[in-house]
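Architecture at a glance
The residues making up each chain are set out below.
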Amino acid sequence: MKEKLHALETEALEQVEQANSLADLQQVRVSYLGKKGPITEVLRGMGKLSKEERPVIGELANKVREAITIAIEAKKQVLEEAVLNQQLKSETIDVTLPGRPVEVGGPHLLTSLVTEIEDLFIGMGFEVREGPEVETDYYNFEALNLPKDHPARDMQDTFYITEELLMRTHTSPVQARTMGEYRGSKPLKMICPGKVYRRDTDDATHSHQFTQVEGLYVDKNVRMSDLKGVLNQFAKQFFGAEREIRLRPSFFPFTEPSVEMDISCKVCHGKGCSVCKQTGWIEILGAGMVHPNVLEMAGYDSDVYSGFAFGMGPERIAMLKYGIDDIRQFYTNDRRFLGQYHQA
Ligand code: PHE
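An account of the accompanying structure is given in this report. Quick caveat, the model's predicted, so the values are computed rather than measured.

A surface patch of negative charge is lined by D154, D157, D200, D202 and D203. Note on placement: D154 falls in the loop between α6 (137-140) and β3 (165-167). Classification of D154 as exposed rests on a relative accessible area of 66%.

Here you go:
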C-alpha cells in the first residue's frame with residue numbers, strides 16, 4: 001500500500017510537471033484527486049486495513065494528496081502567468097508604425113467668407129437674419145417697389161413656382177420681411193446671408209444659384225455718409241487698409257439714390273491693368289438709401305425714418321480676392337480646389 005501511494009505521488013507529480021495548459025492540469029487534478037481517483041480509493045479502502053496500518057497509511061495518503069495539491073497549485077500559477085504573458089505579447093501595439101492618415105475636412109470657402117463678412121458686420125452692431133429661399137412675389141418684388149409689370153423685374157430673370165411663388169432672386173426680400181415684422185416700431189440694423197436663384201445659363205461668370213449678403217440699417221437720421229462710412233470700414237477690413245472705395249450712381253427700384261461701390265484694384269493700385277480692365281477700380285456691390293415707398297409699405301414713416309441697404313455676392317468677392325476664374329468651382333465640389341482654402 002505504501003509503495004502504491006509513493007508510486008502514485010511520483011506519477012502524479014510527473015504529470016503535473018508535464019501539463020502544458022490549464023486544461024491539462026485540470027485533467028490531472030480530476031484523475032488523481034477526484035472522487036473516483038486512486039487516493040480517494042485508498043482512503044475508502046482503509047476499513048479493510050489493520051489497526052496498526054490504518055493511521056500510517058491514512059497519514060501517508062493525506063500527505064501524498066497534499067503534495068499533489070501543492071504541486072498543482074504551483075503549476076497553475078506558472079501556467080496562468082504564461083497565458084497572461086502570451087496575451088500581453090499578442091496585444092502589444094507597435095507605436096512606431098505609421099498611422100492610417102485621417103482625412104481632415106474644413107468649411108467650404110463660401111462658408112468661411114460669409115462667416116468672415118458676418119463677423120465684420122456684427123462688430124459694427126448688425127444682427128444676422130435669415131429668410132426663405134422660396135419667396136412670395138410680394139416680398140421679392142412688390143414690397144421692394146417693383147409692382148407687377150415693372151420693367152426693372154427683367155433685371156432679375158426669375159424661376160417662378162406659381163404665379164405668386166418664386167425662388168428669391170436676391171436677399172432683399174429679407175429687408176421687407178424684417179421691416180414688416182417691426183412695422184415702424186423700432187430701428188433695425190441687420191445683415192442677411194443666403195442663397196439666391198436666377199434663370200441664367202451657367203458659365204464661368206454666371207450661376208443659376210449663388211450667394212448674397214444683404215445689409216440694412218433703418219433709423220432716424222440715417223444718411224448717405226453713414227452708408228459710405230460702413231462700406232468703407234468693411235472694404236478696408238476685408239480687402240486691406242490700403243484699398244480705396246468709390247460710389248458710382250446706379251439704379252435699383254428699392255433704393256434712391258442708388259449706387260454701386262467699387263474698390264481700388266489691388267494689382268495696379270488704381271493705375272489700370274488687365275484685372276480691372278484698365279479702369280483702376282473693381283465693382284463689389286450695389287447699395288443705396290432705402291426708397292421711401294419701401295419704408296412706407298413696411299410700416300415705417302418715411303418722414304421720420306431713413307435707411308441704407310446694400311447687397312453683395314460672396315462668390316464674386318472670393319473670385320476677386322483669390323483670383324478664381326470660374327464661378328462653377330464653388331459648386332462642383334472638387335476637393336483639390338476646395339482644399340486649398342481650408343484654414344489650418
Ligand atoms: N438686391 C440687389 C441685387 O441683387 C442688390 C442691392 C441690395 C442693391 C440692396 C441695393 C440695395 O442686385
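With that settled, the discussion passes to the site of the ligand. Near the ligand, the surroundings consist of 15 residues, among which H170, S172, R198, Q212 and E214 are the closest. A distance of 2.9 Å is found between a nitrogen atom of the ligand and a side-chain nitrogen or oxygen belonging to S172. Within the side chain of R198, a nitrogen or oxygen atom sits 3.0 Å from an oxygen atom of the ligand. Contact with the protein chains removes 92% of the 330 Å² of surface that the ligand exposes when unbound. Under a 2 Å grid-point criterion requiring more than half of the atoms, the pocket assigned to the ligand is the largest pocket. When residues of the shell around the ligand are assigned to their parent elements, the largest contribution, three residues, is made by strand β9 (residues 305-312). A breakdown of the residues in the shell around the ligand according to their chemical character gives five nonpolar, eight polar and two charged.

With that settled, the discussion passes to the side chain of Q212. Relative to the helices and strands, Q212 resides in strand β5 (residues 209-220). A distance of 2.8 Å separates a polar side-chain atom of Q212 from the backbone nitrogen of T171.

Right, let's talk about the packing of helix α5 (residues 109-123) against helix α10 (residues 314-322) for a bit. Between α5 and α10, whose axes approach to 10 Å, the crossing angle comes to 100°. Classified by the interaxial angle, the pair formed by α5 and α10 is roughly perpendicular. Contact with α5, carried on its side by L109, L110, L113, V114, E116 and I117, involves P314, E315, A318, K321 and Y322 of α10 and no other residues of that element. Residues belonging to the contact of α5 with α10 are distributed by class as follows: eight nonpolar, no polar and three charged.

What counts and how
- Residues numbered from 1 in each chain as written.
- Predicted model: local features only at pLDDT ≥ 70, side-chain atom pairs only at ≥ 80, totals over all residues.
- Heavy atoms only, no water.
- Patch = residues over 30% accessible without salt bridge, like charges linked within 9 Å, V, L, I, M, F, W, Y side chains within 5 Å.
- Areas by Shrake-Rupley, 256 points an atom, 1.4 Å probe, with all protein chains shown as cover.
- Salt bridge = Lys/Arg side-chain N within 4 Å of Asp/Glu carboxyl O.
- Lys, Arg positive; Asp, Glu negative; His and termini not counted.
- Charge placed at Lys NZ, Arg CZ, Asp CG, Glu CD.
- Helix = DSSP H or I, 4+ residues; strand = E, 2+ residues; numbered from the N terminus.
- Buried < 20%, exposed > 50% of the residue type's maximum accessible area, 1.4 Å probe, protein only.
- Near = heavy atom within 4 Å.
- Polar contact = N/O pair within 3.5 Å; in protein donor to acceptor, adjacent residues only side chain to side chain.
- 1 Å grid on protein atoms, 1.4 Å probe; cavity = no way out; pocket = protein on both sides within 12 Å on 5 of 7 lines; lining within 4 Å.
- Sits in = over half its atoms within 2 Å of the grid points.
- Nonpolar A, V, L, I, M, F, W, Y, C, P; charged D, E, K, R; others polar.
- Axes fitted to C-alpha atoms, helices over the stretch in contact; angles between N-to-C directions.
- Parallel < 35°, antiparallel > 145°, perpendicular 65-115°, else oblique.
- Contact = heavy atoms within 4.5 Å.

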